[in-house]
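Structural overview
Listed below are the residues making up each chain.
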Amino acid sequence: MSRVEDLWERLVRAALRRERTGNDAYGRPTGGIAGYVPSSLAKNRDIDAILRAADEIQDDDPNVSRILCEYAYSLAQNLDPNSEGRGVLQFKTGLMSVIKQKLARREGIIDRSQDITRLQEFYKYYRQKHNVDKLREEEMQLRESGVFSGNLGELERKTVKRKRVFATLKVLGTVLEELTKEVSPEDAERLIPEELKRVMESDAALTEDLIAYNIIPLDAPTIANAIVSFPEVRASISALKYFRGLPKLPGDFPIPAARNADMFDFLQYVFGFQKDNVSNQREHVVHLLANQQTRLGILEEPEPKLDEAAVQEVFQKSLENYIKWCSYLDIPPVWSTLETVSKEKKLLYISLYFLIWGEAANIRFLPECLCYIFHHMVGKELDEILRQQISQPANSCVTENGVSFLDRVITPLYEVVAAEAANNDNGRAPHSAWRNYDDFNEYFWSLHCFQLGWPWRMSSPFFLKPSPRSKNLLKTSGSKRCGKTSFVEHRTFLHLYHSFHRLWIFLVMMFQGLTIFAFNKGRIDSKTIREVLSLGPTYVVMKFFESLLDIIMMFGAYSTTRRVAVSRIFLRFLWFSIASVFICFLYVKALQDESKSNADSVVFRVYIIVLGIYAGVHCFVSFLLRIPAFHRLANKCDNWPLVRFIKWMHQEHYYVGRGMYESTSDYIKYVIFWLIVLGAKFSFGYFLLIKPLVDPTRTIVKIDDLKYSWHDFVSKS
């Protein structure tokens, strides 16, 4: 624990020292124009590094410093030619002033044709001055000596010096390579000898501490990071290596010299994922595998291998949503059975899924859309490439300039989502007039999503964008454009009933039933039962009003909402319309027959049978969908058309929330709790609110000649 605290104190002291002295991580001063690169420049890290190197070598060779500043200026000019970004104009003006000052200090005529020669000569001079060949050897000897614990300051000084020197060499080499692209290949071969090229490549391979990484430096080995020596980390890295089933990559595909090709390189070549995304997700997957392996146990072998159980657990967790999505849509996943999928293929699928997720930007808010993309990239492209054993770019990601998953797959989705969001009048537009993330994602909850095809069928209504707003109206691209899916929000007080209709129905029916018992003095006889059966018409009439509000609440979105959702609303309205009319007719007819002497009670018997069947079926369905044990049974019967239709009529079939139910014991506790609470509430209401008002109500009703005196709101005079 003391070692950890000491390391933490060193880190804090270094940060405070940099804050006080104004030095960067390499010990170089952060003052001057190098510390004021605008964040609006996309490559401000490259420009900043070039300017810092120019400041450092100013005293050694002002002319080379001038070359670096001019190259940094050209980068800024290419990134923002019109100086539209915040602070870009001021930055360019200041940088040009610095360049002019450097030119003024230089005596004689500036010959820019000699810039390449000057750079390579200075590159050799800088290496010789700092004795680059011995820098790393000295640091390694100090670390391996075992006595550096007492010389932490010396070790830190040598490490910072090495990083600073290699950072400057990297900048010099990069600028030299870029300048040679501006001359003919023959001149470039003449100006830069082969020996210098080999030296520059060797120096570039030693800049592992300059390669960006999060926790594990995978693109280059390092002796300064102990985590790479953990057996579970080494096993995870080894598990991702190129396996026999992958086609061979082309010889010109760039692979860092410090590591071998792995399955992430293969996926990057096939689908055109961005370099930084590949690096991040490679490290991400290594962390997931290493953490899972640590839970199973520490590997002790000299050449550790990842357990199959660790891969299986990460596979199940990572692709859990995809597996549920396939089960929901009743489609087979891209594999036949998990038992037939090898460990290498599981890792390949995990890697591809995280690469898709890592480059999806805001499309990450559409998780089922990512499942659709993964399903087609594996089923229609990756498996075919593996079968043919030919490394070739995927057709879905091929662009005019190469291969890009971002441009061909994500950008079309992002553009239509952004167009809908930009057309909502900052949230003031009607909810039915534009699509949000939920509407886009719910589109992939049905088999209709497969009409989008693969690669994307851009003529699909899903990709049609709304017309821009004009005159406070939202125009759409026509009736063919996809719109809302199953829910539309309207701002109205009718939500007081529509959103809480179950509570209103329950309270009204309980009040009606308790009132009937109170007026019959608590007796349970045929008269009381006949009156209690009036709850049937009350229930269906209130359900009719609910279905009517469903139609009203969907107004404005019928042309764009899914036909299944619209048909369900109208089917429910038709069902409760017929049920309310039929049940009310039977009950009224039964009351009329009761008033006649020697009347036959056939109508009343029919009413009881119809009401019993309706209540029985409704209670049975509710029982199946409320009790957790029966809920699981009903989910297994989803393939039966009748069961699926009844569940669909009872409640809209959604992808999310379908498995959110508690255990049977928790559900029983929940029911008992509310039975006690509601029992106390209705007991209080019956004995203290309803029953005491029965006699006064009867007295008021018996008064025949009752004259009402209204308040005179408007004077008659």
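Every value quoted in this text rests on a predicted model; they were computed, and no experiment measured them.

Of the regular secondary structure elements, the protein holds 28 helices and two strands. Counting only residues that meet the buried cut, the protein has 41% of its 717 residues in that class. Considering only residue pairs separated by 6 or more positions, the protein has 69% of its internal contacts joining residues 24 or more positions apart. Surface summary for the protein: the accessible area is close to 41600 Å², and the carbon and sulfur share equals 59%.

On to the environment of G612. Its location among the elements puts G612 in helix α24 (residues 602-626). For the pair formed by G612 and G536, sequence separation is 76 residues and the distance between their alpha carbons is 9.6 Å.

Below, the discussion takes up the packing of aromatic side chains. Each aromatic ring pair is described using two quantities: the centre-to-centre distance and the angle formed by the ring planes. Taken as a whole and judged by the stated rule, the model has 35 aromatic pairs. The interplanar angle of 85 degrees and the centroid separation of 5.6 Å between the aromatic rings of F440 and F462 together place this pair among those described as edge-to-face. Of this pair, F440 sits in helix α18 (residues 437-442) while F462 sits in the loop between α18 and α19 (495-498), and the two are 22 residues apart along the sequence. When its relative accessible area of 1% is taken as the criterion, F462 is described as buried. Between W575 and Y614, the aromatic rings sit 6.1 Å apart at their centres with planes inclined by 20 degrees, giving stacked as the arrangement. With W575 in helix α23 (residues 563-595) and Y614 in helix α24, this pair connects stretches of sequence that are 39 residues apart. Given the relative accessible area of 16%, Y614 is considered buried. Taking NZ or CZ as reference, R530 lies 4.0 Å from the ring centre of F604, over its face. For K681, the ring lying beneath its charged end belongs to F682, and the centroid distance is 5.6 Å.

Turning our eyes to something else, we now look at the nonpolar core. Grouped together as the largest cluster of nonpolar side chains are 81 residues, with contacts concentrated most on F266, F271, F273, L352, I373, F374 and L382. Listing elements by their share of this core, those giving two or more residues are α10 (231-239), α11 (263-271), α12 (275-296), α13 (308-318), α14 (320-329), α15 (343-358), α16 (367-388) and α17 (405-422). A total of 11 residues in this core trace back to one element, the largest contributor, which is α16. Residues in contact with F271, not counting those within four places in the same chain, are L352, M377, E381, L382, A394, C397, V403, S404 and F405. With 35 residues, the next largest nonpolar core counts V64, I67, L75 and M200 among its residues.

Taken as a whole, this structure holds 13 salt bridges when the rule is applied. Note that R387 is salt-bridged to E384, the shortest N-O span being 2.3 Å. Here R387 and its partner E384 are both found in helix α16, three residues apart, which amounts to about one turn of the helix. Residue classification places R387 among the exposed residues on the basis of a relative accessible area of 58%. Residue class for E384 comes out partly exposed when judged on its relative accessible area of 30%. Two residues, E531 and K527, come together in a salt bridge whose shortest N-O distance is 2.7 Å. Taken together, the residues E531 and K527, both in helix α21 (residues 526-532) and four residues apart, mark about one turn of the helix. The exposure class of E531 is partly exposed, given its relative accessible area of 27%.

Turning next to the confidence of the model for the protein. Confidence in the prediction of the protein, expressed as mean pLDDT, is 78, and 74% of residues score 70 or more. Averaged pLDDT values over the elements of the protein bottom out at 51 in helix α1 (residues 2-21) and peak at 95 in α15. The low-confidence segment residues 146-150 (pLDDT under 50) makes three contacts with residues lying over four places distant or belonging to another chain.

Attention now goes to helix α3 (residues 62-79). Relative to the 26 Å expected for 18 residues at 1.5 Å per residue, α3 spans 26 Å between its end C-alpha atoms, a close match to the ideal helical length. Here α3 has its buried residues at N63, V64, S65, R66, I67, L68, C69, E70, Y71, A72, L75 and A76. Two to three positions downstream of the cap, the backbone nitrogen of N63 sits 3.1 Å from a side-chain oxygen, assigning the N-cap of α3 to D61.

Attention shifts here to helix α22 (residues 535-553). Helix length check: α22 (19 residues) gives 27 Å between terminal C-alpha atoms against 27 Å at 1.5 Å per residue, within 8%. Counting buried residues along α22, 14 of its 19 residues qualify, which places the element largely inside the surrounding structure.

In this fold, D262 is placed in the loop between α10 and α11. A polar contact of 3.2 Å, which involves the side chain of D262, links it to the backbone nitrogen of F264.

Bringing the packing of α12 against α13 into the picture now. Packing of α12 against α13 brings their axes to within 9 Å, and their N-to-C directions diverge by 125 degrees. Relative to α13, α12 is oriented oblique. Our pair here, α12 against α13, has a crossing hand that is right-handed. Here L288, L289, Q292, Q293 and L296 of α12 lie close against α13, whose contacting residues are A309, A310, V311, E313, V314 and K317.

Moving on: the packing of α3 against helix α5 (residues 115-130). Two numbers describe how α3 lies on α5: the axes approach to 10 Å, and their chain directions differ by 115 degrees. Between α3 and α5 the crossing geometry is left-handed. Residues N63, V64, R66, I67 and E70 of α3 lie in contact with α5, whose contacting residues are D115, R118, L119 and F122. Here the contact of α3 with α5 is built from residues that sort into four nonpolar, one polar and four charged.

In this section: a nonpolar patch on the surface. Judged by side-chain polarity, F500, L503, W504, F506, L507 and V508 come together as a nonpolar surface patch covering roughly 530 Å² of accessible area. Within the secondary structure, W504 is located in helix α20 (residues 501-519).

The next subject is the environment of W445. Along the chain, W445 turns up in the loop between α18 and α19. For W445 and V656, which are 211 residues apart along the polypeptide, the C-alpha to C-alpha distance reads 9.3 Å. At 3.1 Å, the side chain of W445 and the side chain of E368 are in polar contact.

Rules behind the numbers
- Per chain, residues are indexed from 1 in the order of the written sequence.
- Where totals are concerned, whole chains, interfaces and linings use all residues; where local detail is concerned, this predicted model gives features only for residues with pLDDT of at least 70, and gives and counts side-chain atom pairs only at 80 or more.
- Hydrogen atoms and water are omitted, and side-chain values are computed over all heavy atoms in the structure.
- Counting from the N terminus, the helices are the DSSP runs of H or I reaching at least four residues and the strands are the DSSP runs of E reaching at least two.
- Burial classes follow relative accessibility: with a 1.4 Å probe on protein chains only, a residue under 20% of its type's maximum area counts as buried, one over 50% as exposed, and anything between as partly exposed.
- Contact definition: two residues touch when any of their heavy atoms are within 4.5 Å.
- Under the convention used here, a 1.4 Å probe and the Shrake-Rupley method define accessible areas, while residue burial counts only the protein chains that appear.
- Ring pairs shown here join Phe, Tyr and Trp side chains whose ring centres sit within 6.5 Å, with only the six-membered ring taken for Trp; geometry is labelled stacked below 30 degrees between planes, edge-to-face above 60, and tilted in between.
- Here, a charge over a ring means that NZ of Lys or CZ of Arg falls within 6 Å of the ring centre while also lying within 35 degrees of the ring normal.
- Residue types Ala, Val, Leu, Ile, Met, Phe, Trp, Tyr and Cys, when buried and joined through side-chain atoms within 4.5 Å, form a set referred to as a nonpolar core.
- Each salt bridge in this description consists of a side-chain nitrogen of Lys or Arg and a carboxyl oxygen of Asp or Glu lying within 4 Å of one another.
- Note on scores: pLDDT gives the predictor's confidence for each residue, bounded by 0 and 100.
- A helix is expected to span 1.5 Å multiplied by its residue count minus one.
- Throughout this description, a polar contact denotes any pair of N or O atoms lying within 3.5 Å of each other; where both atoms belong to protein, one of them has to be capable of donating a hydrogen while the other can accept it, and for residues adjacent in sequence the pair is counted only when both atoms sit in side chains.
- Every axis corresponds to a line fitted to the C-alpha atoms, with the helix fit spanning only the stretch in contact, and the corresponding angles, defined between N-to-C directions, vary from 0 to 180 degrees.
- In this scheme, roughly parallel covers angles under 35 degrees and roughly antiparallel covers those over 145, while 65 to 115 is roughly perpendicular and the rest are oblique.
- Crossing chirality is assigned from the near helix's rotation relative to the far helix, an anticlockwise turn below a right angle marking it left-handed and a clockwise turn marking it right-handed.
- In this classification, the charged set is Asp, Glu, Lys and Arg, the nonpolar set is Ala, Val, Leu, Ile, Met, Phe, Trp, Tyr, Cys and Pro, and all remaining amino acids, among them Gly, are polar.
- Patch membership requires more than 30% relative accessible area and the absence of a salt bridge. Residues of like charge join within 9 Å; the nonpolar side chains Val, Leu, Ile, Met, Phe, Trp and Tyr join within 5 Å.

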